[in-house]
Amino acid sequence: QIQLRESGGGSVKPGGSLRLSCVASGSIFSINAMGWYRQAPGNPREMVAHVLSSGFTRYGDSVKGRFTVSRDNANNAVYLEMSDLKPEDTAVYYCNAEITGYSGRYQSDDYWGQGTQVTVSS
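Residues numbered from 1 in each chain as written. Predicted model: local features only at pLDDT ≥ 70, side-chain atom pairs only at ≥ 80, totals over all residues. Heavy atoms only, no water.

*Asks:* Just give me the short version of the packing of aromatic side chains, but keep the residues and values in it.
*Replies:* The relative placement of two aromatic rings is captured by the distance of their centres and the angle of their planes. Here the structure, examined in full by the defined rule, presents three aromatic pairs. When the ring of Phe29 is compared with that of Tyr106, the centres are 4.8 Å apart and the planes differ by 65°; the resulting orientation is edge-to-face. Taken as a pair, Phe29 in strand 4 (residues 28-39) and Tyr106 in strand 10 (residues 106-112) lie far apart in primary sequence, 77 residues in all. Taken individually, Phe29 and Tyr106 each receive the classification exposed, so the pair is uniform in this respect. Seen from their ring centres, Tyr102 and Tyr106 are 4.6 Å apart, and the 55° between their planes marks the pair as tilted. A relative accessible area of 42% places Tyr102 in the partly exposed class. Among the aromatic side chains, those forming a connected cluster through ring pairs are Phe29, Tyr102 and Tyr106. Cation over ring: Arg19 sits above Tyr79, and NZ or CZ is 4.2 Å from the ring centre. Its guanidinium or amino end placed over the ring of Tyr37, Arg45 lies 5.3 Å from that ring's centre, counting from NZ or CZ. (Phe/Tyr/Trp six-rings, centres within 6.5 Å; stacked < 30°, edge-to-face > 60°. Helix = DSSP H or I, 4+ residues; strand = E, 2+ residues; numbered from the N terminus. Buried < 20%, exposed > 50% of the residue type's maximum accessible area, 1.4 Å probe, protein only. Lys NZ or Arg CZ within 6 Å of the ring centre and 35° of its normal.)

This is the structure in structure tokens:
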């Protein structure tokens, strides 16, 4: 089975930094897009950062200039470097990837990690 696993969440003070990691595993043929979404209580899920296989990146407006997304294709991993964290960044952060796997046939699907909590408070 293809799985995504996040790590690196935690509690930090405003202005602090965290680095989130996500690693995909399983019968992976290729990965197109990898990225991060977040959802805070009472709010809809929003896109945080996104990387295509070409290296093209996209950021949500609320994190531009503060977060940096990068991808390690050799390890099927994506990272999110978060700096100058603000209380409004508090949310569950989910790794997302569009992956083509092979288990008798090729199949492309969106996969989600279980999420990692990021809490920014004084």
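On we go.
*Asks:* I'd like a description of the pairing of strand 11 (residues 116-120), backed by residues and values.
*Replies:* Side chains Thr116, Val118 and Val120 project from strand 11 onto a buried face, and the interleaved Gln117 and Thr119 project onto a face without burial. Where strand 2 (residues 10-12) meets strand 11, three bridges bridge the pair, whose relative direction is parallel. Bridging from a neighbouring strand, Gly10 pairs with Val118 of strand 11. When strand 9 (residues 91-102) meets strand 11, the two strands line up antiparallel, connected through three bridges. (Pairing = 2+ DSSP bridges.)

*Asks:* For the pattern of salt bridges, give the residues involved together with the corresponding values.
*Replies:* In this structure the tally under the stated criterion is five salt bridges. Here Glu81 and Arg19 are joined by a salt bridge, their closest N and O atoms 3.5 Å apart. One end of the pair, Glu81, is in strand 8 (residues 77-82); the other, Arg19, is in strand 3 (residues 18-25), with 62 residues separating them in the sequence. With a closest N to O distance of 2.9 Å, Asp89 and Arg38 form a salt bridge. Of this pair, Asp89 sits in the loop between strand 8 and strand 9 while Arg38 sits in strand 4; the two residues are 51 residues apart in sequence, bridging distant segments of the chain. Comparing Asp89 with Arg38, the two get one shared label, buried. When salt bridges that share partners are traced, they join Arg38, Glu46, Arg66 and Asp89 into one network. (Salt bridge = Lys/Arg side-chain N within 4 Å of Asp/Glu carboxyl O.)

*Asks:* Run through the side chain of Glu6, naming residues and quoting values.
*Replies:* Within the secondary structure, Glu6 sits in strand 1 (residues 3-7). Nearest to the buried, unbridged Glu6 among oppositely charged side chains is Arg5, at 7.7 Å. In this structure the side chain of Glu6 is engaged in a polar contact, spanning 3.2 Å, whose partner is the backbone nitrogen of Gln114. Only 3.0 Å separates the side chain of Glu6 from the backbone nitrogen of Gly115, close enough to count as a polar contact. Residues within four places of Glu6 in sequence aside, it is in contact with Ser21, Cys22, Trp36, Tyr93, Tyr94, Cys95, Gly113, Gln114, Gly115 and Thr116. (Lys, Arg positive; Asp, Glu negative; His and termini not counted. Polar contact = N/O pair within 3.5 Å; in protein donor to acceptor, adjacent residues only side chain to side chain. Contact = heavy atoms within 4.5 Å.)

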